[in-house]
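This is what each chain is made of:
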Amino acid sequence: MTSSPEHKNVEATATILEKATSTPVMDFGHYYAKREDLACATNLEIYPSGSKVRQYTAMAVVTPSLPMVVGCSADSAMQIYVAAAAEAHGVEGIVYTAERAVPTDATRYAVARGAKVIHVRPGYLSVIRARAREYAMSLPSGCVRWDPRRAVEDTALQCGNIPDSVRRIVVATGSGLTAAGVLVGLARAGRWNPVVAVAVSDMATVERIMAAAQKVVDGRLPHVRIIRVPQPYGRWVAAKLPDGTVLDPYYAAKVLPYVEKGDLFWIPGLRPLAAMPAECRRELDRSK
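Rules of the game
Just so you know, the residues in each chain are numbered from 1, in the order the chain's sequence is written. Given that this is a predicted model, residues contribute local features only at a pLDDT of at least 70 and side-chain atom pairs are listed and counted only at 80 or more, while totals for whole chains, interfaces and linings are drawn from all residues. Just so you know, side-chain values use all the structure's heavy atoms and leave hydrogens and water out. The numbering of helices and of strands both runs from the N terminus, where a helix is a DSSP run of H or I of at least 4 residues and a strand a run of E of at least 2. C-alpha atoms define the radius of gyration in this analysis, and the globule rule sets the expected value at 2.2 Å times the number of residues to the power 0.38. With a 1.4 Å probe rolled over the protein chains alone, any residue whose accessible area is under 20% of its type maximum counts as buried; one over 50% counts as exposed, and the rest are partly exposed. Whether two residues are in contact is decided by their heavy atoms, any of which lying within 4.5 Å being enough. In these tables, accessible area is a Shrake-Rupley quantity obtained with a 1.4 Å probe, and a residue counts as shielded only by the protein chains included in the view. As used throughout, the charge tally considers Lys and Arg to be positive and Asp and Glu to be negative, leaving His and the chain termini uncounted. To locate a charge, the coordinates of NZ of Lys, CZ of Arg, CG of Asp or CD of Glu are taken. Each pair of strands is called paired provided DSSP finds at least two bridges between the two strands. Helix axes use the C-alpha atoms of the stretch in contact, all axes being lines fitted to C-alpha atoms, and the angles between their N-to-C directions lie in the range 0 to 180 degrees. Expected helix span is given by 1.5 Å per residue-to-residue step, counting one fewer step than there are residues. A 3.5 Å cut-off defines polar contacts: any pair of N or O atoms within that distance qualifies, except that in protein one atom must be a possible hydrogen donor and the other a possible acceptor, and neighbouring residues in sequence count only when both atoms are side-chain atoms. One speaks of a salt bridge when a side-chain nitrogen belonging to Lys or Arg is within 4 Å of a carboxyl oxygen belonging to Asp or Glu. Our working definition of a disulfide is a cysteine sulfur pair at a distance within 2.5 Å. Orientation categories follow fixed angle ranges, with anything under 35 degrees roughly parallel, anything over 145 roughly antiparallel, 65 to 115 roughly perpendicular, and all other angles oblique. Crossing handedness is defined as follows: a turn of the near helix away from the far one that is anticlockwise and smaller than a right angle gives a left-handed crossing, while the clockwise case is right-handed. Residue polarity is assigned by list, with Asp, Glu, Lys and Arg as charged and Ala, Val, Leu, Ile, Met, Phe, Trp, Tyr, Cys and Pro as nonpolar; anything else, Gly included, falls into the polar class. Here the nonpolar core consists of buried residues drawn from Ala, Val, Leu, Ile, Met, Phe, Trp, Tyr and Cys, with membership extended through side-chain atoms lying within 4.5 Å.

A. Representation of the overall build of the chain in the model. Assigned secondary structure in the chain consists of 10 helices and 11 strands. Relative to the globule expectation of 19 Å for 288 residues, the C-alpha radius of gyration of the chain, 18 Å, shows essentially globular dimensions. Expressed as lengths along the three principal axes of its C-alpha atoms, the size of the chain is roughly 55 × 50 × 35 Å. Within the span of the chain, comprising 288 residues, buried residues form 52% of the whole. Excluding contacts between residues fewer than 6 apart, the proportion of contacts in the chain whose partners are at least 24 apart in sequence is 72%. Accessible surface computed for the chain: about 13,200 Å², of which carbon and sulfur atoms make up 53%. On the chain, the mean spot of the 35 positive side-chain charges and the mean spot of the 27 negative ones are 2 Å from each other.

B. Spatial organisation of the environment of His89. Its location among the elements puts His89 in the loop between α3 (78–88) and β5 (93–98). Using a relative accessible area of 29% as the deciding quantity, one classes His89 as partly exposed. In this structure the C-alpha to C-alpha distance between His89 and Ala60, which are 29 residues apart in sequence, comes to 6.9 Å.

C. Expanded view of unusual backbone geometry. Cis geometry is found at the peptide bond from Arg121 to Pro122, where omega equals -5 degrees. As for its placement among the helices and strands, Pro122 is situated in the loop between β6 (116–120) and α5 (125–138). Despite not being glycine, Cys40 shows a phi value in the positive range, around 60 degrees. What makes Cys40 partly exposed here is its relative accessible area of 36%.

D. Geometry of the environment of Val198. Its location among the elements puts Val198 in strand β8 (residues 195–199). Classification of Val198 by relative accessible area gives buried; the value is 0%. On a C-alpha basis, the gap between Val198 and Ile227 in space is 4.8 Å, while along the polypeptide they are 29 residues apart.

E. Summary view of the sheet that holds strand β4 (residues 68–72). If you walk across this open sheet you meet the 3 strands as β4-β5-β6, and the pairing is parallel. Each edge of the open sheet carries a strand with a single partner, namely β4 and β6. For this sheet the average axis-to-axis angle between neighbouring strands, irrespective of direction, equals 15 degrees.

F. View of the environment of Glu99. Note that Glu99 resides in the loop between β5 and α4 (105–112). Residues Glu99 and Asp37, 62 residues apart in the sequence, show an inter-C-alpha distance of 29 Å. Residue contacts for Glu99: discarding those within four places in its chain leaves His119, Val120 and Arg121.

G. Summary view of α5. Look at α5: 20 Å from first C-alpha to last across 14 residues, which is about the 20 Å you get at 1.5 Å a residue. Contacts made by the buried residues of α5 are with β4, β5 and β6.

H. Layout of helix α6 (residues 148–156). For α6, a buried count of 7 out of 9 residues is recorded, marking the element as mostly surrounded by other parts of the structure. Taken residue by residue, α6 has Arg150, Ala151, Val152, Glu153, Asp154, Thr155 and Ala156 as its buried positions. Between a side-chain oxygen at the N-terminus of α6 and the backbone nitrogen of Arg149 the separation is 3.2 Å; the capping residue is Asp147.

I. Looking closely at the side chain of Lys254. Residue position: Lys254 is located in helix α9 (residues 252–255). Buried charged residue Lys254 carries no salt bridge. Nearest counter-charge: Asp248, at 7.8 Å. Excluding residues within four positions of it along the chain, Lys254 makes contact with Val200, Val229, Gln231, Pro232, Tyr233, Arg235, Val237 and Pro249.

J. Region of the structure containing the state of the cysteines. Overall, the coordinates contain 0 disulfides when judged by the stated rule. Here Cys40 stays unpaired: no disulfide links it, and the sulfur of Cys159, its closest cysteine neighbor, is 17 Å away.

K. Inspection of the packing of α6 against helix α7 (residues 177–188) at higher detail. Remark: α6 packs on α7, axes separated minimally by 7 Å, with the N-to-C direction vectors making an angle of 50 degrees. With respect to α7, the axis of α6 lies oblique. In the crossing of α6 with α7, the sense of the turn from one axis to the other is right-handed. In contact with Pro148, Ala151, Val152, Glu153, Thr155 and Ala156 of α6, α7 contributes Leu177, Thr178, Ala180, Gly181, Val182, Val184, Gly185 and Arg188. For the contact of α6 with α7, the residue count by class is 8 nonpolar, 4 polar and 2 charged.

L. Representation of the nonpolar core. Core analysis: the largest hydrophobic core is formed by 47 residues, its most contacted members being Tyr56, Met68, Val70, Leu247, Val255, Phe265 and Ile267. Of all the secondary structure elements, the ones that give two or more residues to this core are α2 (51–62), β4, α3, α4, β7 (169–173), β8, α9 and β10 (264–267). Residue contacts for Val70: discarding those within four places in its chain leaves Tyr56, Met78, Gln79, Val82, Ile94, Val95, Tyr96 and Ala132.

Shown next, in the form of structure tokens:
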């Protein structure tokens, strides 16, 4: 039986991701940090970095002429990743997001990078994603679509260099896919470190994380629990690693207070400074 073009694209993307270099684990004495934020890092001022950049880059390589489409909340970094990836690969980026009286820094960044932003009312995430899905399905040649299973597999491949002395894995969590990938990677390695998913939004639940992991691996998985940060998703926090590396103000910076001695702090990615609020950048500058 001949494979469909879509199936071939998925297989080709998987091959590229499997060959990706493992991002480093850094020892900061009190804890370790898994530096996924260093994946595809180029220019902190202008471009994002991290696992989603790696995943979108792989997808763009195997579908070089197709537009990239995403539906996300107004504060979501997904529009940042899509806009930057589309610009880098010379294709159209289309972002469906909630209409706001004042656009968020993330949306302004997407527009500045040349993405086409469609504002949706009412701005419920389910409605936004439905509109984006309908548009994607209407394109005669298709588009680059986010593949949750592939994202889980990609993260799982990054679990090979976790130090033996690590006690827990503390994951900065949005939708929960990164946490699911960590569960899969640990299980495949025969490791049962507990995973703490520190959630910056209400999207992730233990049930959703486990379900995403179980779509990829059948069998026992490490224990996972969720801690929800007190700040609303749209409220930023300025923080850095001990070496001075900026943490994403909407994700990893909020998770840092929950990292304890012996933990591995899993940092999924980093939005560029150009997509951060001006006051956040000023506070980061003052903390040098």
